[in-house]
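Structure at a glance
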Amino acid sequence: EPEVTQTPSHQVTQMGQEVILRCVPISNHLYFYWYRQILGQKVEFLVSFYNNEISEKSEIFDDQFSVERPDGSNFTLKIRSTKLEDSAMYFCASSGPGTGGDSGANVLTFGAGSRLTVL
Amino acid sequence: AQSVTQPDIHITVSEGASLELRCNYSYGATPYLFWYVQSPGQGLQLLLKYFSGDTLVQGIKGFEAEFKRSQSSFNLRKPSVHWSDAAEYFCAVGAVYQGGKLIFGQGTELSVKP
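Residues numbered from 1 in each chain as written. Chains lettered and ligands numbered in written order. Predicted model: local features only at pLDDT ≥ 70, side-chain atom pairs only at ≥ 80, totals over all residues. Heavy atoms only, no water.

**A few points about the interface of chain A and chain B**
In this complex, chain A contributes 21 residues to the contact, which on the side of chain B involves 22 residues. Carbon and sulfur atoms make up 57% of the area that chain A and chain B hide from each other, which totals about 1,800 Å². Interface area lost by chain A to chain B is led by Lys42(A), Asn106(A) and Phe110(A), which between them contribute 29%. At the surface where chain A touches chain B, the tally comes to one salt bridge. For the salt bridge of Lys101(B) with Glu56(A), the shortest nitrogen-to-oxygen distance reads 3.2 Å. The tally of links between chain A and chain B comes to five residue pairs in polar contact (both at pLDDT 80 or more). The set of elements that each furnish at least two residues to the side of chain A that touches chain B consists of strand S4 (31-37) and strand S5 (43-50) of chain A. When grouped by side-chain class, the residues that make up the side of chain A that touches chain B number nine nonpolar, nine polar and three charged. (Contact = heavy atoms within 4.5 Å. Buried area = accessible area lost by both parts, 1.4 Å probe. Salt bridge = Lys/Arg side-chain N within 4 Å of Asp/Glu carboxyl O. Polar contact = N/O pair within 3.5 Å; in protein donor to acceptor, adjacent residues only side chain to side chain. Helix = DSSP H or I, 4+ residues; strand = E, 2+ residues; numbered from the N terminus. Nonpolar A, V, L, I, M, F, W, Y, C, P; charged D, E, K, R; others polar.)

**Some thoughts on the sheet that holds strand S7 (residues 65-68) of chain A**
Residue and element names in this part refer to chain A. Overall, antiparallel pairing links the four strands, which are arranged S1-S3-S8-S7 in an open sheet. If you trace the sheet from one side to the other, it starts and ends with strand S1 (5-7) and S7, each paired once. This sheet shows a mean twist of 15° between the axes of neighbouring strands, independent of strand direction. As paired strands, S7 and strand S8 (residues 75-79) are joined by four bridges and run antiparallel to one another. Paired with Phe-65 across the two strands is Ile-79, which belongs to S8. (Pairing = 2+ DSSP bridges. Axes fitted to C-alpha atoms, helices over the stretch in contact; angles between N-to-C directions.)

**Looking at the packing of aromatic side chains**
As enumerated under the stated definition, the model contains 20 aromatic pairs over all chains in all. Their ring planes at 45° and their centres at 5.3 Å tell us that Phe49(A) and Phe75(A) sit as a pair that is tilted. Residue Phe49(A) is found in strand S5, and its partner Phe75(A) is found in strand S8; the two are separated by 26 residues along the sequence. The two residues Phe49(A) and Phe75(A) agree in class, both being buried. Taken together, Tyr35(A), Phe45(A), Phe91(A), Phe110(A), Tyr32(B), Phe34(B), Tyr36(B), Phe51(B), Phe90(B) and Phe104(B) form an aromatic cluster joined through their ring pairs. (Phe/Tyr/Trp six-rings, centres within 6.5 Å; stacked < 30°, edge-to-face > 60°. Buried < 20%, exposed > 50% of the residue type's maximum accessible area, 1.4 Å probe, protein only.)

Right, dumping it as structure tokens:
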């Protein structure tokens, strides 16, 4: 069964450092997402990405965050200057193809997550 | 405000017993509803989804869920729980115009007693 792959599985970094989390979505999917889950809290939407641009972003996704699909297979989340409160599990997801209704576009497949610890 | 509530943080059931996990939502538009399961060290795996039509939906691993619009609920059920069902279960709601922006509940951790 196709799966979404995330690396690294766990990263420890110092506050203020840049972090890049990587994801390989399912190959024929067209929509890509990042979610995060702070320990003990809900899974929260960060950003969606389609056709090489951000479709929607949450208020969490401020100027410290950016996403990129550099080569047609990878999808990355960059945090420019990490803060303690960025410590969380970050989930990548993908969906599609299809549009509207009961289509694949609305069924997300998630990766196993990247745990980020900021010290 | 859009929200999803899973009232039970932690549930323990005996193996072979039936299970019902509760999910209530508040959503302005016609919702799409999902249940995901997360085992330790694993990602979020889709158990089942409801978009429209028959309000009782079947999923993987013997799970089913019933959409009740009048109660704004989408409860997950399984007639006989197996030890391997121990995991965290998440209810989520979304809409097609929001393209993948799901709102998740807090999650319910399921423990299974032998």
